[in-house]
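# A closer look at the structure
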Amino acid sequence: MDESLIILIVLSLCLGTACWLVFIWAVKKGQFEDVEKPKHRMLDDD
Amino acid sequence: MTKLTESTCSHCGISFRWKAIEIEDVDGGRKSFCCRGCRGAWQLICSSGMGSFYQRGERVTPTVNELTTPAYNESDLAQRLIPEGEFCRFDILIGGISCPSCIWLLERMISGIPGVEHVSLSYSAGIASLSINPLRVSPLQIFGVISQLGYTPRPYSPEQSDKDTRRERDDLLLRFGTALFLSMQLMAYSYALYAGYFQGMSSAIKQFLQYVSLAVTTPVVFYSGWPFLAGAWRSLKTRAPGMDLLIATGAISAWVYSLWATFAGEETYFESAATIVTFVLIGRLLELSVRRRAMSGISALYASAPQRATLVEGEGHREVDVEDLHPGDLLLIRQGDRFPVDCLLIDGETEVDQSLATGESLPVLLFAGDEVRSGCVNVAAPVTVQALRPVGQSYLMRVASLVQMAQAGKPRLQLLADRVSGWFVPFVIILALLVGIGRFALAGEGIGAAVMSALSVVLIACPCAMGLAVPAAVLAACSRAATLGIILRSGDVIERLATINVALFDKTGTITRGEPQVISFEACGGFAEPDVIQASATVEEPAAHPLARSIVRHAADLGFLPEDCREFSNIAGRGISGILPDGRRVLCGSEHFLHESGVDLRSFRDITQTSATHVLIAIDDQLAGLYQLIDKLRHGAEEMVTDLLSNQIDLGIISGDHQATVERIAAEVGVRSARGGMTPDQKLAYVQTLQNEGRSVLMAGDGVNDAPALAAATVSCSLSGSSDIAMENADIIITGDDLSKIAAACHLSRATIKIIKQNLAWAFLYNLIGIPIAMAGLLTPVYAAVAMTASSLLVSLNSMRLMRFKKNG
């Protein structure tokens, strides 16, 4: 039982770290530069 | 006489009652436009295949008014290109963007210009970043397209400060994202540990969870919390304990205590350290995004100064750089040009728009021998002037340096949170030391246990509630203010605003609308009213004078549209004349002008309202009518004055206009103190004098001439649509036309301070109970968990009450 708990915690940390790396990538790429425009863009037909 | 029904412009969508410009659409339908500018924009859009723009639902398109050419020249703009690989980068600040459709249109229209490789437009800032091929397209061409669509392009060079803000925000975002991610992980372990405390848990698992907690908390405290640690270190060095010190002490003590507890097999408080850092980071991040829209105002002022001047040399003219002008140089200033330096009018007479210097919208008639300040616009006729000062010492640059000086010398108010932590932090630390020493020396405990009880005092004394008390209230207040149409530049404005006891206002453009409006019209001498209105609209139509514009607008509102006027002539400072299509000659102007022209003024009745400006109309040398115009008060002005006075705030009007006019307006709104004829430096000096008397000053203004005073004031306020430099020096921007929002902002700030004090009081109550428990060494995880959650929740909910703040108290 203890082993499974440890495995699960380590697994969740790994998953979390993967998301965190994506977040860092997004900040560096400037994905948060303008959060206003993209939400209108999807309504454009072309 | 032509009377028209209402029609709607196919481009900008406004309803109007003058004669539409009509063209035939490709599919045979007719399109009508309110002006040539709108027709031009429509043709441009349709010919570029962007016709679907008009099918978009929500659309706010600016009226194009005139076919304007941007006031920039090729070489100035070419200097702004930044080479990047084989192409050049070119940034444009675009004014007039009001809806997502504007972005859609502009992006497509600009990227359709041959030679433009890439465009990206930011909605919030209105800045277009272009990558262009300078061999195929010139920046001026791009400016041409943008202004043809009715938007105003301005060159934009990203200031260093702007880049710094961006880097700061990215940095903060990374720290916050990391803190949030790790805190969420941590919470899971913490709840497991809470449950284990009550139900029992094998010590191996407990130990393991504590190790993992330690691993995730350490980066939160030392990486995410680094800004607070650095701030705390700075405040220790300067011996000015502030909010940062409080947060850092709280986080570090919780971390150190828990580190010890992990290895000693005690209960840990890692979540306390992590939540303090995460919550306070949210506040910082939101505050920064509010601040980000601010741009450097000084650069905007430089942009309004002309770059080139026409030097008169004997018979010829030569274009020179304004930097190369020397006092004594003769310059030719064409109609519509700005005066590049302070100069003396030596030949000709003209009307000059001095709004930059005095804030007054009506042009002033100047003769040879009069002095003109740089930045003013020559409205009526070309004149020759002699330069008095080099450009660096001229009016515009003097204002710019005044603003810089005022910004630097602005008194900094010590914020409530800093004041509180100023005595609270030393108090807690001394208390903790006493507890530690007491336990070690008197109770004879081991050194480890003594240090831990000292740390537990600090830990319990710096809870989340303390860290949240101010940011939560400020955030709620800022978002409530935004929904009321009050934009606050930063959170600390609220605290400064609550201390205000003097409010100063500029007159023209702030208390009043800044443009004359027709309040009455009377026909006389047997002329029919519609006939005279029609005639005056026709001859006033080509004139650029604000009085003429108001008369034309007044006529248009009544449904009269200008006809073709022949032999139009504008006599500077006096009036205009022109010939109607039916051959009658019309004169419009002052009493003096008509009298000079030989019109019999005996039928001109005594004027009842002396404060109004009068425009007389004569048809074929017969007095035909009289317009009275007045610069009306802004909506909500009287309401604001009564409101502020009832809150013991002294009011004053300071203006560049004549003393008598200022006094009249002051009396009208109910303000006792009125000072006229003030230059920008006198306004600044007045604000500073009041501040030296120990008062906090709110300054509201809209013009370039108010900018130094705005920069120096404790809180500055500007209305949207003011000059750039005024807006950028404003702590508060009021959107819309309602001055009573200024009073609402004052009320909101006072309400916020009340909430902050309640929050702090609660945090103290918590300490009052918590510290003795910690001192007695009875701190248990149950108490800590319940108290922490309850106090944070209470503080947050209490702050949310600001969201329901009503405008009228």
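These numbers come from a predicted model, not from an experiment. (Residues numbered from 1 in each chain as written. Chains lettered and ligands numbered in written order. Predicted model: local features only at pLDDT ≥ 70, side-chain atom pairs only at ≥ 80, totals over all residues.)

## With respect to the overall build of chain A
Broken down by element type, chain A carries two helices and zero strands. When the 46 residues of chain A are sorted by exposure, 0% land in the buried category. (Helix = DSSP H or I, 4+ residues; strand = E, 2+ residues; numbered from the N terminus. Buried ≥ 20, exposed ≤ 12 C-beta atoms within 10 Å, placed from the backbone.)

## Focus: the overall build of chain B
Within chain B, the secondary structure is distributed over 27 helices and 31 strands. Going through the 809 residues of chain B one by one, you find that 46% of them count as buried. Counting contacts in chain B only where the partners sit at least 6 residues apart, residues at least 24 apart contribute 68% of the total. (Contact = placed C-beta atoms within 7 Å.)

## Focus on the sheet that holds strand β25 (residues 613–619) of chain B
Residue and element names in this part refer to chain B. What the six strands build is an open sheet, ordered β21-β26-β25-β24-β23-β22; its pairing is antiparallel. If you trace the sheet from one side to the other, it starts and ends with β21 (512–523) and β22 (566–571), each paired once. Between one strand axis and the next, the sheet turns through 15 degrees on average, direction left out of account. Relative to strand β26 (residues 622–633), β25 runs antiparallel, the two sharing seven bridges. Residue pairing in the sheet places His-614 in a bridge with Gln-628 of β26. Of the strands in this sheet, β21, β22, β23 (575–579), β24 (585–589), β25 and β26 touch helix α18 (residues 529–540), which is tilted by about 80 degrees from β24. (Pairing = 2+ DSSP bridges. Axes fitted to C-alpha atoms, helices over the stretch in contact; angles between N-to-C directions.)

## Some points on the environment of Gln185(B)
Tracing the backbone shows Gln185(B) in helix α5 (residues 160–199). Spatially, the C-alpha atoms of Gln185(B) and Thr217(B) are 9.6 Å apart, while their sequence positions differ by 32 residues. If near-sequence neighbours (up to four positions away) are discounted, Gln185(B) is found in contact with Leu13(A), Gly16(A) and Val216(B).

## Digging into the packing of helix α7 (residues 226–237) of chain B against helix α8 (residues 243–264) of chain B
Residues and elements named next belong to chain B. Two numbers describe how α7 lies on α8: the axes approach to 8 Å, and their chain directions differ by 120 degrees. Between α7 and α8, the crossing angle belongs to the class labelled oblique. Seen from above, α7 lies across α8 with left-handed handedness. Touching Phe-228, Leu-229, Gly-231, Ala-232, Ser-235 and Leu-236 of α7 are Asp-244, Leu-245, Ile-247 and Ala-248, all from α8. Its residues assigned to classes, the contact of α7 with α8 comprises seven nonpolar, two polar and one charged. (Parallel < 35°, antiparallel > 145°, perpendicular 65-115°, else oblique. Left-handed = near helix turned anticlockwise from the far one by under 90°. Nonpolar A, V, L, I, M, F, W, Y, C, P; charged D, E, K, R; others polar.)

## Some remarks on the sheet that holds strand β15 (residues 364–366) of chain B
All names here are of chain B. The three strands lie next to each other as β15-β14-β17, forming an open sheet whose pairing is antiparallel. Looking at strand neighbours, the two that pair on one side only are β15 and β17 (377–378), the edges of this open sheet. Direction of pairing for strand β14 (residues 350–353) relative to β17: antiparallel, over a ladder of two bridges. What sits directly across from Asp-353, in β17, is Val-377.

## What to know about the interface of chain A and chain B
Taken together, the contact pairs 18 residues of chain A with 17 residues of chain B. The element best represented in the side of chain A that touches chain B is helix α1 (residues 2–28) of chain A, accounting for eleven residues.

## Re helix α6 (residues 203–224) of chain B
For α6(B), spanning 22 residues, the distance from its first C-alpha to its last is 30 Å, which sits close to the expected 32 Å at 1.5 Å a residue. If you check which residues of α6(B) are buried, you get Leu209(B), Gln210(B), Val212(B), Ser213(B), Val216(B), Thr217(B), Val220(B), Val221(B) and Ser224(B). (Expected span 1.5 Å × (residues − 1).)

## Some remarks on unusual backbone geometry
Residue and element names in this part refer to chain B. Its identity as a non-glycine residue notwithstanding, Asp-621 has a phi of 60 degrees, on the positive side. Take Asp-621: it is sitting in the loop between β25 and β26. Asp-621 gets classed as partly exposed once you count the C-beta atoms within 10 Å, which come to 13. Here the phi dihedral of Gln-648 falls at roughly 60 degrees; this positive angle occurs in a residue that is not glycine. With respect to the helices and strands, the residue Gln-648 is situated in the loop between α21 (637–646) and β27 (650–654). Its 7 C-beta neighbours within 10 Å are what place Gln-648 among the exposed residues.

## Topic: the nonpolar core
Residues and elements named next belong to chain B. Core analysis: the largest hydrophobic core is formed by 152 residues, its most contacted members being Ala-251, Ala-273, Val-277, Val-457, Met-699 and Ile-732. In this structure, Val-457 is in contact with Val-428, Leu-431, Ala-432, Val-435, Ile-771, Ala-774 and Met-775, ignoring residues within four places of it in sequence. If you look at the next biggest cluster of nonpolar residues, it comprises 38 residues, including Leu-77, Ile-94, Leu-105 and Val-145. (Core = buried A, V, L, I, M, F, W, Y, C linked by C-beta atoms within 7 Å.)

## Brief notes about the packing of α6(B) against α8(B)
Residues and elements named next belong to chain B. Relative orientation of the contacting elements α6 and α8 amounts to 155 degrees, with a least axis distance of 11 Å. Classified by the angle between their axes, α6 and α8 sit roughly antiparallel to one another. Note on packing geometry: the crossing formed by α6 with α8 is left-handed. Every residue of α8 that contacts α6 at Gln-210, Tyr-211, Leu-214, Thr-217 and Val-221 is listed here: Ala-251, Ile-252, Trp-255, Leu-259 and Thr-262. For the contact of α6 with α8, the class distribution of residues is seven nonpolar, three polar and no charged.

## Thoughts on helix α1 (residues 36–47) of chain B
Residues and elements named next belong to chain B. Given a rise of 1.5 Å per residue, twelve residues ought to cover 16 Å, and the 16 Å separating the end C-alpha atoms of α1 matches this to within 8%. The complete set of buried residues in α1 reads Gly-37, Cys-38, Arg-39, Ala-41, Trp-42 and Ile-45. Buried residues belonging to α1 abut β3 (21–24), β4 (30–33) and α4 (139–148). Where α1 terminates, the next one or two residues include Gly-49, which has phi positive at roughly 75 degrees.

## Details of the environment of Pro471(B)
Residue and element names in this part refer to chain B. Of note, Pro-471 is situated in helix α15 (residues 464–483). Along the sequence, Pro-471 and Leu-281 sit 190 residues apart, while their C-alpha atoms lie 9.8 Å from each other. In this view, Pro-471 contacts Val-280 and Gly-283; residues no more than four positions away in its chain are not counted.

## Some points on the confidence of the model for chain B
Residues and elements named next belong to chain B. Residues with a pLDDT of 70 or more make up 85% of chain B, whose mean pLDDT is 79. Below pLDDT 50 for its whole length, residues 293–298 participates in 18 contacts with residues either more than four positions away or in separate chains. The complex model carries a pTM of 0.66, and its ipTM stands at 0.86. (pLDDT = per-residue confidence, 0-100.)

## Some points on the environment of Ala368(B)
Its location among the elements puts Ala368(B) in the loop between β15 and β16 (371–372). Each C-alpha atom, one on Ala368(B) and one on Gly348(B), is 6.2 Å from the other, the two residues being 20 residues apart in sequence.

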